[in-house]
Amino acid sequence: MSVAAKDVRPVAVDWACVRKDFPILARKVHGKPLIYLDSANTAQKPRQVIEAVDAFYREHNANVSRAVHQLSEEATALYEGARDKLAVFLGASHRDEIVLTSGTTMATNLVAYSYLLPRLKPGDAVLVTAMEHHADIVPWQLICKLTGAHLKVAPITEAGELIVEKFIEALTPEVKFAGVVHVSNVLGTINPVKELARECRKRGIPLLVDGSQSAPHLPLNVKAIGCDFYVVTGHKMCGPTGTGALWARREILESMPPFFGGGEMIRTVTFDGTTFADSPHKFEAGTPNTAGFAGLGVAIDYLTRIGMENIAAREHALLEYATPRLEAVPGLRIIGRAANKAAVISFLIDGMHAHDLATLLDQEGVAVRSGHHCAHPLMQFYGVTGTCRASLAFYNTEAEIDAFVAALGRVRKLLQ
Ligand code: PLP
């Protein structure tokens, strides 16, 4: 089955009404209204998603594709439905281009071990950028160690922008693969992935784009980007944890051997050998997170119904609202000043430890993340052990940002 183009017309959205879909946002923490500013870590879930997971276990629970009974057919339809929805959401040409995984980490490891490992030899290199998440560093390091290849790193500016000329210069003949984050989880930087993909393509270098932080926030079309692999994680897209996907063209997936072996991914098995199912099923061994994918399908419907253009515009407005207000906090330094940036604000306040800040903000009901954000090399680049990070989503409000800034003022006084 081919997939239809998605409807991308922006419409006016009642954001206050949207916010009411998220039950957790009505709760209190330490007696204060929760202000959830940690969506880059994991997004909150609308009731539609929660109800879909609940309904799965109440009404449809069965294993996928293993039985002919009604419940199994329903469970399979929900699981395969998530594949259809992801294909449309990502702009894939065909549903078979979507491998369902437990998240970005598993999708990237699948590419590392199934696609790249057999293709690397001593002296080869894998190019990444200085702003990658560990999920786009460590899998390549592991296979470099097995093959005698090495990592190369394209530098960034102090503002947190990739130096595109340096990335292009680094695409030398020993580079056999490149991995780039679409939106940095620490800096919010939106990388020019279309341009990077074009340069990689000119040189025949496959490119993986880590879409963990872009899929929840930007309209996407993998074909328009022109990369070879795109990976996403469902829990950051308002979906359940333990869901995600790898997109790659069919001919690439067909060229890749299975990574995990077991049930569901085979055609025939004898003690002399096994023949495998076609892709993407040959990569989906074992019982999947069916309830999770039932929820992810609904999360994708939910995001699509609001419209990714609307979400991007709303979050940009929140970023523009928050940035000058945070800059006005004495001693506060924002790390990540890219011109093209998503609603992620990493910051430090002079003389205060990021964990102390986050702990005291939590007492005020404000949930931010503190630490290295799974990006040790980036922390090393900035000469810090960690930062505080406020990451916004479309369900946040200007009033929450005001309350966050006021809480920061009180916390500063306590720590000084
Ligand atoms: N890549 C980026 C940029 C991320 O922000 C994250 C999660 O924080 C990941 C990869 C890993 O995602 P997951 O743990 O869901 O596999």
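Cut-offs used in this document
- Residue numbering note: each chain is counted from 1, following its sequence as written.
- Local features in this predicted model are restricted to residues of pLDDT 70 or higher, and side-chain atom pairs are both shown and tallied only at a pLDDT of 80 or more, whereas totals for entire chains, interfaces and linings draw on every residue.
- Remark: hydrogens and water are excluded; side-chain values derive from all non-hydrogen atoms of the structure.
- For this purpose, a residue is taken to be near a molecule or strand whenever a single non-hydrogen atom of the residue falls within 4 Å of it.
- Within 3.5 Å is the distance limit for a polar contact, defined as a pair of N or O atoms, with the added protein rule that one can donate a hydrogen and the other accept it, and that residues adjacent in sequence qualify only through two side-chain atoms.
- Using a 1.4 Å probe, accessible areas were evaluated by the Shrake-Rupley method; residue-level cover was limited to the displayed protein chains.
- Each residue is assigned to one of three groups, with Ala, Val, Leu, Ile, Met, Phe, Trp, Tyr, Cys and Pro labelled nonpolar, Asp, Glu, Lys and Arg labelled charged, and all others, Gly among them, labelled polar.
- When the sulfur atoms of two cysteines come within 2.5 Å, that pair is taken as a disulfide.
- Each residue gets a pLDDT score, which is the predictor's confidence in that residue and runs from 0 to 100.
- The contact rule is simple, with two residues in contact once any of their heavy atoms fall within 4.5 Å.
- Think of a salt bridge as a Lys or Arg side-chain nitrogen and an Asp or Glu carboxyl oxygen that are within 4 Å of each other.
- Secondary structure elements follow DSSP: runs of H or I of four or more residues count as helices, runs of E of two or more count as strands, with numbering from the N terminus.
- Note on classification: 1.4 Å probe, protein chains only; a residue is buried when its accessible area is under 20% of the maximum for its type, exposed when over 50%, partly exposed between these limits.

A. Molecular detail of the site of the ligand. By nearness alone, 13 residues border the ligand, and Thr 105, Asp 210, Gln 213, Thr 233 and Lys 236 come closest of all. The contact in question runs from an oxygen atom of the ligand to an N or O atom on the side chain of Thr 233, over 2.6 Å. Lys 236 has a polar side-chain atom sitting 2.6 Å from an oxygen atom of the ligand. Bound to the protein, the ligand loses 86% of the 390 Å² it would expose on its own. A breakdown of the residues in the shell around the ligand according to their chemical character gives 2 nonpolar, 9 polar and 2 charged.

B. Local environment of the state of the cysteines. Considering all chains together, one arrives at 0 disulfides under this definition. Cys 227 takes part in no disulfide bond, and the closest cysteine sulfur to it belongs to Cys 200, at a distance of 9.8 Å. Of all cysteine sulfurs in the structure, the one in Cys 374 sits closest to Cys 388, which takes part in no disulfide; the separation is 15 Å.

C. Just the confidence of the model for the protein chain, in detail. Per-chain confidence: the protein chain averages 95 in pLDDT, with 97% of residues scoring 70 or above. Under a pLDDT of 50 for its full length, residues 1-8 has, in the predicted model, 17 contacts with residues more than four places off or in other chains.

D. Inspection of the pattern of salt bridges at higher detail. All chains considered together, the criterion is met by 22 salt bridges. Asp 228 serves as the salt-bridge partner of Arg 249, at 3.3 Å between the closest nitrogen and oxygen. Of this pair, Arg 249 sits in the loop between strand E10 (244-248) and helix H9 (250-255) while Asp 228 sits in the loop between helix H8 (222-225) and strand E9 (229-233), and the two are 21 residues apart along the sequence. On the basis of relative accessible area, Arg 249 is assigned to the partly exposed category, the value being 30%. Given a relative accessible area of 13%, Asp 228 falls into the buried group. Put simply, Asp 278 and Arg 267 hold a salt bridge, and the shortest N to O gap is 2.8 Å. One end of the pair, Asp 278, is in the loop between strand E12 (273-276) and helix H10 (290-306); the other, Arg 267, is in strand E11 (residues 266-270), and 11 residues separate them in sequence. Salt bridges sharing partners connect three or more residues here, namely Glu 80, Arg 83, Asp 84, Arg 95 and Glu 284.

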